[in-house]
Every structure is written in C-alpha cells, then in structure tokens.
Amino acid sequence: MQALIKKLSSILHFVLPLFASGQDIHFSQFDMNPVYLNPALTGNHTCDWRFTANQRSQWRSVSRPYNTIAISAENREGWIIPGLYHALNLFHDAAGDGNYRTLEFNISTAYQMYLDNDSVHSVTPGIQLGVNHRNINFSLLSFDNQFNGYYYDPSLPTQENFGANKRTGFNMALGAIYAYRPERRKELVAGVGLFNIPQIKQSFYGDDLIKRDRRFVIHAKANYPLNFEWDIQPAIFMQFQGDYKEIVLGSNARYLIKDRKGELLAPYAGVWFRNRDAAYLTAGLYYNNWKGGISYDVNFSKLTPASNLRGGLEFSLQYILCVFKPKDIKHRSCPDYL
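Computed from a prediction, not measured in an experiment: that's the story for all the values here. (Residues numbered from 1 in each chain as written. Predicted model: local features only at pLDDT ≥ 70, side-chain atom pairs only at ≥ 80, totals over all residues. Heavy atoms only, no water.)

S.K.: Whenever I open this one, the pairing of strand S8 (residues 186-195) confuses me. Can you help?
M.R.: Of the strand pairs in this sheet, strand S7 (residues 166-183) and S8 are connected by 8 bridges, and their pairing is antiparallel. Looking across to S8, one finds that Leu174 is bridged to Leu194. Counting the residues that bridge the hairpin from S7 to S8 gives 2 residues. Two elements, S8 and strand S9 (residues 215-225), share 9 bridges in a ladder whose sense is antiparallel. Note that in S9 the partner of Leu188 across the bridge is Ala222. (Pairing = 2+ DSSP bridges. Helix = DSSP H or I, 4+ residues; strand = E, 2+ residues; numbered from the N terminus.)

So this is what it looks like as structure tokens:
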C-alpha cells in the first residue's frame, strides 16, 4: 500500500503542472530571500550591496526531488535619484521524473521614503519585471500504455498526443513595506505584495484558459532585544494563490557573542510552523557582514505515508558589501603673502 501511495504521489508531481494553474516556488527561510518575498524589500539593508543565495531540496522520498536555486544582487547606492534602489534576481527549479524546469529572471526597483526627520519610520513601494520560462522532457515519463501485460516496456509507444514542451511569458509584481527602526537592534518591517499580475499561460496542451494564478503575500518580521546578549526575531508570512494557502509563523532567537563596531558574531536558532503541512527548525550564524542559515522541514501533511515525514532541506547565505568611499576633502590654498 505504501509503495502504491508513493507511485501515485510521483505521478501527481509531474502530471498536475501540465493541467493545473500550479503553485509558485517557496522557501522556508523566506526572510533570507528578500527580493523574491517582496520587490519593495529591494535595498532594505545597510551598506551598498547585498548578495543572497538560496538552495532547497524537497520530497526526496517521493520522486525526483524538487531542487530550487535562487540568487540575487541588490544595490543601495541610490542610482538616478537618492532613495531609489535596484536589484536582479534569478531562480531555477527542477522537479519530477519529467525534469520539469522553471527559470525566471527579474529586475526590481524600490523607492524608500522617510516619514519623519529622524528616519525612524519609512515606507517603500517596489516593482518587479521579469521573464518566466518553463519546459518539460516528455521522453523521460512512463505511461500505462507501455505496460505489455507482463512488464513495463519503454520501447512501446506512449500513444500520447503531446503539446508544446516549453512556454515563456512576461511577469510583473508590485509590493510595499513599512519599516520602524527606533534603535539599532529594534525594528519592525511589514509588507504586502502582489505577484503574477499578467497571469502567464501555463498549459503545455494549448489551453489558454489555464493561467498562473496571482499570488498575494503578507509578511512581517521584528527584531527585539531581550537583554544585552539575546534578541528575539518573530515573523509571520502568509501567501494566497488560487486554491492554495500558506501560513508560516515562528521565531528565531539570536545570541550576541561579539557586537562592536566592525565585528559581529551571533549564532541563532528557531522553530517555525507551516499550516497543515510542516514544522521546521532553523539555525545559522551572523559573522561580520555574512549571514548563513540552514533549515529542515518535517512533513505532517496528507503526504506523510509517502514522504515518511521527510520534507525539505534548505541552505541560505547573504553577504553585505560596504564600499569604502574616501572623503573628498578640499584644502584651501594659502595666498603667497602669508
């Protein structure tokens, strides 16, 4: 029975994307992929550049695992006009026996506006434009017509009438965040985002009525010092896409071993819950301008008989680059008679 469930789950993993609207990729460490979370988070950091990399592997016990990689680069130097920040991000996802791939490239722009003179409150709108490409290799799939009555024979014809094996479309997203930073270790950032606004066509069989559902995101994260050494970092993340809903709630705790100008050493760990799907643990380290994290999901959804409670293993890495800018000091020339 368990083998049958695994087989059916494997079939669903590569068949559903051919006929249904589908669901966007997601990361458990959502705060470690800011540009994908909300285009308004572009430039929401200190210094000049922020580089981010994410890798997630999921459903190893069911079929070929989902493997997702994302990278991004953000600039905060205020090119064109002060407060206008820009970013590039790219993600690649491969899943299932049919090697179903999604590749998306985006350009994001955000404009930060302070609501007071001391820069405690700010509001930032953002926009993201991109191109989405998907393809599948039908020759890697197996079908019931290739069973000859005794065993599976891959040389038999599939008798399937396939459509196109790739689709490319234009994508767009909008977002906005509010940030409250009264002190260095005390902050609240909350935002909303709307993705897949053009609703890219999804079907490989030419059905233009099947489109990529719009995705609505609500998120908030805070950092609050409990004492000199400890910070608590609670967050909530909600997204809604067609019939799908994801709600994540939890918190990290950070311990400051070293925190002085130019030096930071602080490990962190946390517990998070995803509604009716999984619980996961996170752990990581702040080291100067670096931040790295790891998380692992324990699945308890209806897929548990096939997944054996195994979910997703995820890694993340961030680096913030501060470009040294020497002061342009102009000296006055003394007159000759002095």
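S.K.: Would you mind going over the pattern of salt bridges with me for this structure?
M.R.: Any two side chains of opposite charge can pair if their charged atoms end up close together. Evaluation of the coordinates by the stated rule reveals 15 salt bridges. With a closest N to O distance of 3.9 Å, Lys291 and Asp31 form a salt bridge. One end of the pair, Lys291, is in strand S15 (residues 290-299); the other, Asp31, is in the loop between helix H1 (2-19) and helix H2 (34-37), with 260 residues separating them in the sequence. Look at Lys291 and you get buried, because its relative accessible area is 11%. The salt bridge involving Arg260 is made with Glu263; its shortest N-O contact spans 2.8 Å. The structure contains a network of salt bridges with shared partners spanning Arg56, Glu246, Arg274, Asp297 and Glu314. (Salt bridge = Lys/Arg side-chain N within 4 Å of Asp/Glu carboxyl O. Buried < 20%, exposed > 50% of the residue type's maximum accessible area, 1.4 Å probe, protein only.)

S.K.: How should the packing of aromatic side chains be read in this particular structure?
M.R.: For any pair of aromatic rings, the description consists of the separation of the ring centres together with the inter-plane angle of the planes. Under the criterion given, the structure shown has 9 aromatic pairs. Aromatic side chains Phe30 and Trp272 sit 5.9 Å apart centroid to centroid with 90° between the ring planes, which places their arrangement in the edge-to-face category. With Phe30 in the loop between H1 and H2 and Trp272 in strand S13 (residues 263-274), the pair connects residues that are 242 residues apart, well separated along the chain. In this structure Phe30 comes out as buried when scored by relative accessible area, which is 6%. Between Trp290 and Tyr319, the aromatic rings sit 4.5 Å apart at their centres with planes inclined by 40°, giving tilted as the arrangement. A residue pair is termed long-range when its members are at least 10 positions apart, and Trp290 in strand S15 and Tyr319 in strand S16 (residues 310-321) qualify at 29 residues. Of the residues examined, Trp290 reaches a relative accessible area of 40% and is grouped as partly exposed. By way of ring pairs, the aromatic residues Phe30, Phe237, Trp272 and Tyr280 are connected into one cluster. Here Arg254 stacks its cationic end above the ring of Tyr286, 4.6 Å away from the centre of that ring. The ring of Tyr268 is capped by Lys291, whose NZ or CZ atom sits 5.6 Å from the centre of that ring. (Phe/Tyr/Trp six-rings, centres within 6.5 Å; stacked < 30°, edge-to-face > 60°. Lys NZ or Arg CZ within 6 Å of the ring centre and 35° of its normal.)

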